[in-house]
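Chain residues, written in single-letter form:
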Amino acid sequence: MPNNLLCNAYTNAPEQHPNLILGSLHLLFWLCFRPAAWRNHFKRINPILDTDTYTSLISLIRQGRWRNTGLWRLLIQGYFILPILAILILVLVFWVLGESPEVVFRVAVSVAVSVAVSVAFGVAVDVAFSVAFGVVFGVVFGVVVGVAFGVAFGVAFGVAKGVVVGVAFGVAFGVGGGMAVVLVVGTVFGVAVVLAFRVVFGVVFGVAVDVAVDVAFVVALNVALVVGVTINSWRPVVFLPFLTAWNYLLYVLDKRRNAKSPCLLRYHSAFWDEWQRLHLPGLDEYLLFVLENNPDEGKAALEYLTTSPQRWAAQVVQIELDARNLQGCTNVQVIRQVHRSLEIGELQSRVNPILNIFKSISENVDVALNQQSTYNQRIVLKNIADKLNGHLQNFTRSNDKYTVGFRPIITNWRDIVTQYIDELAKATELRQEIDSPYITGVPLTLEQEIFTGRTDIATRIEQLLLDRRRPPLLLYGQRRMGKTSLLNNIGKLLPNTIIPMFVDLQGAPSSASDYTGFLYNLARGMTTSAKKQSALTLPSLTREILADDPFTRFDEWLDQVEQILEENTALLMLDEFETLDSAITRRRFDEEDVLGMLRHLIQHRPRFKLLLAGSHTIAEYQRWASYLINVQVVHISYLKEQEARQLIEKPVKDFTLRYELDAVERVLQLTRCHPFLVQLLCGEIIVLKNEQDPAIRRLATLADVEAAIPEALQSGGFFFADIHNNQVDANGRDILRFIAAQGEGGIVSQISLSQQFNDVWQRTIELLLQRELIEEVAEGYCFQVELIRRWFTQ
């Protein structure tokens, strides 16, 4: 662990230090700088603190509201750390005086436990009632004492003084006027005045003294408490200049040592001061230096800092490393690999969108280079170069510091991709090879010019979308008939008012573990498709938004989508719906939740139309039929002959291969205009022609077509194996082999089938007809596609 690697000087328990003073200092360091490590090792410091007392206290604190208010930190810091500081000073004094450490230790422990327990117990009542009690007590005590003191003193002093003054005044007055009444009045007046003065003075003086004493005591106590509680608020600020100087000294020394193991980075305050939230200057530069010269310790430090208060430095360094990694891509082979090393999910910064651009470009380059033909590589790479140009324009308009920093990298990538496209074109021209535009195994996307036909199906879909009954649609066809290719390109065939939103259920949505993941991936697919096919930007929908109530949040998101659609219509296309049904069967999702949501969308959101695509009918899935009423089936099958001819002779502009007439006819006979098989066979013809002499390379003959058949059967093995293993059962395979043995165009009568397979043949024949593998002719059956028949003869 990085913590142990970089901070091993501070992970040993205090009991490992035999000297009491060093142990106390070590404990004090843990308490002030590494409280997390202190809590982990608390049971190991039993000689210093009472474990039972601590455990009871923590158990009490963790109950109720104290956990969320952080009061446990207040108690531990204010009522444990400060007493320990006092004890440490006491230990040092006794040690200097030569007292026995054992005696001092026992006294310290007793005092610590007593102080901790008593203060912790009394803090609640003391803080809450000390001021009030002091004031009340001072007032009561002051009034009582003041009144008693004032009365006694006033009476005694007033009477004596009044009598003397009164007698003297009376005698004098009597001598002057001889009036006895004046003597009495003078005496009473003197006593009253003095008595009142003494009472008021006594009360005021008593109250003032007592209140002042109590308030001073409470203020002093709470000032000490605040200082202890806030120690980790002001200490990092006060210590920052000293830590900065210390860390810089380590950096200078490490540069002299070239970060030789063990490097001094481990003593950096970032690895032992857990309370330092302020940015430590120069930490990112120091960390980058160590990574360059001591990768092992540098990576360990980077991993540790990722979860520490100084994670900012880890982010800065990681961004710098990613930038250097991207800048180091000097050719397309390196670019195609770089996305695997970008860990964008661990970073939370403004640079994330930029890194995502580079990661996406890298993934797309990898896809492009996996294309079988150089022609398709150039097509996909040309699209990538266009995207890079668009990103570069956006980067040029931005003044963001990260965008400015990554601008030269994206310029370099664009130049590399463009140069590679030119190299492919020159190599093809030099070898006089025929570029193959054919793509087998993956659906055609918008970038592939080879997509042909299907205008009749698009017209049928458009008509059904205008139906006021808003029926759900099912695009039904056998595998490899081009269903997904049509959905990927349907935006080119429908009016602009219809916004295609394609979602492949065979991917992330059906494999999600919960409804949050399912709806998130559903929304993500809709957003990506709308942007790609119609340039419409939908609002984002995150997992966090969906987490508390997935279906409600998804429904609210659909409200936002409808506002953006305005008068347009959204065509939600769910490809491979059978995969979702399989997830429902495995009880990953509930039937009512998922299918009920689709039914609700059809019935209550007129701006949305639903289209399912699959190789099965709704009738084969009864639960879907009960939720989706009046489903309209759109059947997709073989290409029209004219469309197939275009795919053979003119799949793209500037196609240089020409076919003899009988060669074209033979391709049509062998494939029956099956879109996948046409591309499969024509692709193998191009491979064969590129191996021939350039003088005869540009013309395909009937012999070339026949020579390409074995290679097509081999390279298309996955297609034929799917028929053999997944679309028919054992009886079906036997019947197909029996028909295939009759030769090209061979027909097997019903009588022959009944004699050969008894009663099972009728039910099996119905399945084979539904799968469009055979067809009924006259009084028998034959294969629909000659290439499929040939595969079953092997």
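By convention here, each chain's residues receive numbers from 1 onward along its written sequence. Per-residue local features are limited, in this predicted model, to residues with pLDDT of at least 70; the limit for side-chain atom pairs, both in listing and counting, is 80 or more; totals at the level of whole chains, interfaces and linings are taken over all residues. Derived side-chain values reflect all non-hydrogen atoms in the structure, with water molecules and hydrogen atoms excluded from consideration.

Pairing between strands is defined by DSSP: at least two bridges between the two strands are required. Working definition: helices are DSSP H or I runs of at least four residues, strands are E runs of at least two. Numbering for both runs from the N terminus. Spatially, five strands are ordered β2-β3-β4-β1-β5 in an open sheet, and the strand pairing comes out parallel. Each end of this open sheet is capped by a strand with a single partner; those strands are β2 (498-504) and β5 (632-635). With strand direction ignored, the average angle separating the axes of adjacent strands in the sheet is 25°. Where strand β1 (residues 473-476) and β5 come together, four bridges link them in parallel fashion. Counterpart to Leu475 in the pairing with β5 is Val634. To obtain each axis, a line is fitted to C-alpha atoms, and for helices this fit is confined to the stretch in contact; angles are then taken between N-to-C directions over 0 to 180 degrees.

Moving on, we come to the environment of Gln327. Its location among the elements puts Gln327 in helix α12 (residues 311-327). Look at Gln327 and you get exposed, because its relative accessible area is 52%. Sequence separation between Gln327 and Asn412 is 85 residues; the distance between their C-alpha atoms is 8.0 Å. With residues up to four places along the chain from it excluded, the contact list for Gln327 reads Ile409 and Asn412. With a 1.4 Å probe rolled over the protein chains alone, any residue whose accessible area is under 20% of its type maximum counts as buried; one over 50% counts as exposed, and the rest are partly exposed. Residues are treated as being in contact if the distance between any of their heavy atoms lies within 4.5 Å.

Side-chain pairs of opposite charge can arise where the charged atoms are in close proximity. The working definition used for a salt bridge is a side-chain nitrogen of Lys or Arg within 4 Å of a carboxyl oxygen of Asp or Glu. Taken as a whole and judged by the stated rule, the model has 27 salt bridges. The salt bridge involving Glu744 is made with Arg790; its shortest N-O contact spans 3.4 Å. Of this pair, Glu744 sits in the loop between α31 (730-740) and β8 (748-749) while Arg790 sits in helix α34 (residues 786-792), and the two are 46 residues apart along the sequence. Salt bridges here are not isolated pairs; linked through shared partners, they connect Arg666, Glu706, Glu744, Glu786, Arg789 and Arg790.

Quick look at helix α29 (residues 702-715) now. Its 14 residues give α29 an end-to-end C-alpha distance of 20 Å, which sits within 8% of 20 Å, the value for a rise of 1.5 Å per residue. For α29, the secondary structure elements touched by its buried residues are α27 (661-671), α28 (675-690), β7 (699-700), α30 (717-727) and α34. Multiplying one less than the number of residues by 1.5 Å gives the expected span of a helix.

Locating Leu768 in the fold gives a position in helix α33 (residues 761-770). Along the backbone, Leu768 and Gly732 are 36 residues apart, and their C-alpha atoms lie at a distance of 7.1 Å. Those residues within four positions of Leu768 in sequence are excluded, and the remaining contacts are Val728, Gly732, Ile735, Leu736, Leu773 and Ile774.

What follows is about the packing of aromatic side chains. Centre distance and the angle of the planes are the two values used to describe a pair of aromatic rings. Aromatic contacts are taken between Phe, Tyr and Trp rings whose centres are within 6.5 Å, Trp giving its six-membered ring; a plane angle under 30 degrees counts as stacked, one over 60 as edge-to-face, and the others as tilted. Going through the model one piece at a time under the given rule, you end up with 18 aromatic pairs. Measuring from ring centre to ring centre gives 5.4 Å for Phe271 and Tyr304, while their planes differ by 35°; the resulting arrangement is tilted. Of this pair, Phe271 sits in the loop between α9 (231-257) and α10 (283-293) while Tyr304 sits in helix α11 (residues 295-305), and the two are 33 residues apart along the sequence. Each member of the pair Phe271 and Tyr304 is classed as buried. Through pairs of rings, three or more aromatic residues link up here, namely Phe676, Phe718, Phe719, Phe720, Phe783, Trp791 and Phe792. Placement of a positive charge over a ring is assigned whenever Lys NZ or Arg CZ falls within 6 Å of the ring centre and within 35 degrees of the normal to the ring plane. When the ring centre of Phe239 is taken as reference, the NZ or CZ atom of Arg235 above it lies at 5.6 Å.

Where strands meet in a sheet, backbone hydrogen bonds hold them as pairs that are either parallel or antiparallel. What the three strands build is an open sheet, ordered β8-β10-β9; its pairing is antiparallel. One side of each edge strand has no neighbouring strand; the edge strands of this open sheet are β8 and β9 (774-777). Two strands pair when backbone bridges link them, and β8 and strand β10 (residues 780-783) are joined in this way by two bridges, in the antiparallel orientation. Residue pairing for β10: Val748 is matched across the bridge by Tyr781. Packed onto the sheet, α33 meets β9 and β10 and runs at close to 110° relative to β9.

This brings us to the packing of α10 against α12. When two helices pack together, you describe them by how their axes are tilted relative to each other and by the distance separating the axes. Two numbers describe how α10 lies on α12: the axes approach to 9 Å, and their chain directions differ by 50°. Between α10 and α12, the angle is such that the two are oblique. Classified by chirality, the crossing of α12 by α10 is right-handed. Across the interface between the two elements, Leu283, Asp284, Leu287, Leu288, Leu291 and Glu292 of α10 pack against Trp312, Ala313, Val316, Val317, Glu320, Leu321 and Arg324 of α12. Considered class by class, the residues forming the contact of α10 with α12 number nine nonpolar, no polar and four charged. Relative orientations are named as follows: roughly parallel for angles under 35 degrees, roughly antiparallel for angles over 145 degrees, roughly perpendicular for angles from 65 to 115 degrees, and oblique for any other angle. Helix crossings get a hand from a simple test, with the near helix turned counterclockwise from the far one by less than a right angle marking a left-handed crossing and a clockwise turn marking a right-handed one. Side-chain classes follow a simple rule in which Ala, Val, Leu, Ile, Met, Phe, Trp, Tyr, Cys and Pro form the nonpolar group, Asp, Glu, Lys and Arg form the charged group, and the remainder, Gly included, forms the polar group.

On to helix α15 (residues 374-397). In this model, α15 (24 residues) spans 35 Å end to end at C-alpha, consistent with the 34 Å of a helix rising 1.5 Å per residue. All of the buried residues in α15 are Tyr375, Asn376, Gln377, Arg378, Val380, Leu381, Ile384, Ala385, Leu388, Leu392 and Phe395. The inward-facing, buried residues of α15 abut α14 (352-369) and α16 (401-431).

Among all residues save glycine, negative phi is the norm, and among peptide bonds the norm is trans. A cis geometry characterises the amide bond from Ser261 onward to Pro262, with omega recorded as -10°. The residue Pro262 is located in the loop between α9 and α10 in this model. Unusually for a residue other than glycine, Arg587 sits at a positive phi of about 65°. You can see Arg587 is positioned in the loop between α23 (577-585) and α24 (591-604). Of the residues examined, Arg587 reaches a relative accessible area of 75% and is grouped as exposed.

Let's shift gears to the pairing of β2. Summarising burial for β2: six of the seven residues are buried, a large majority. Sheet topology note: the β2/strand β3 (residues 569-575) ladder contains seven bridges and is parallel. Opposite Ile498, over in β3, you have Thr569 as the bridge partner.

This part is about the confidence of the model for the protein chain. Within the protein chain, residue pLDDT values average 75, and 69% of them lie at 70 or more. pLDDT expresses how confident the predictor is about each individual residue, on a scale running from 0 to 100. This model gives residues 153-188 a pLDDT under 50, and the stretch forms 37 contacts once residues within four places in sequence are excluded.

Once that is clear, we can look at the packing of α29 against α30. Relative to each other, α29 and α30 sit at 60°, their axes nearing to 5 Å. What the angle tells us is that α29 and α30 run oblique. Here Ala712, Leu713, Gln714 and Ser715 of α29 come into contact with α30, specifically with Gly717, Phe718 and Phe720. Looking at side-chain class alone, the contact of α29 with α30 contains four nonpolar, three polar and no charged residues.

Okay, a nonpolar patch on the surface next. Here the term patch refers to residues with relative accessible area over 30% and no salt bridge, with like charges joined within 9 Å and nonpolar side chains (Val, Leu, Ile, Met, Phe, Trp, Tyr) within 5 Å. Under the convention used here, a 1.4 Å probe and the Shrake-Rupley method define accessible areas, while residue burial counts only the protein chains that appear. On the surface, a cluster of nonpolar side chains totalling about 410 Å² of accessible area is made up of Trp234, Val238, Phe239 and Phe242. Along the chain, the position of Phe242 falls in helix α9. Judged by relative accessible area, which is 61%, Phe242 ranks as exposed.

Residues Tyr659, Leu677, Leu681, Ile685 and Ile788 are the most contacted members of the largest nonpolar core, which totals 56 residues. Element by element, the count of residues in this core is highest for α28, at eight residues. Grouped together as the second largest cluster of nonpolar side chains are 45 residues, Tyr476, Leu558, Leu598 and Trp624 included. Put simply, a nonpolar core is a bunch of buried Ala, Val, Leu, Ile, Met, Phe, Trp, Tyr and Cys residues held in one set by side-chain atoms that sit within 4.5 Å of each other.

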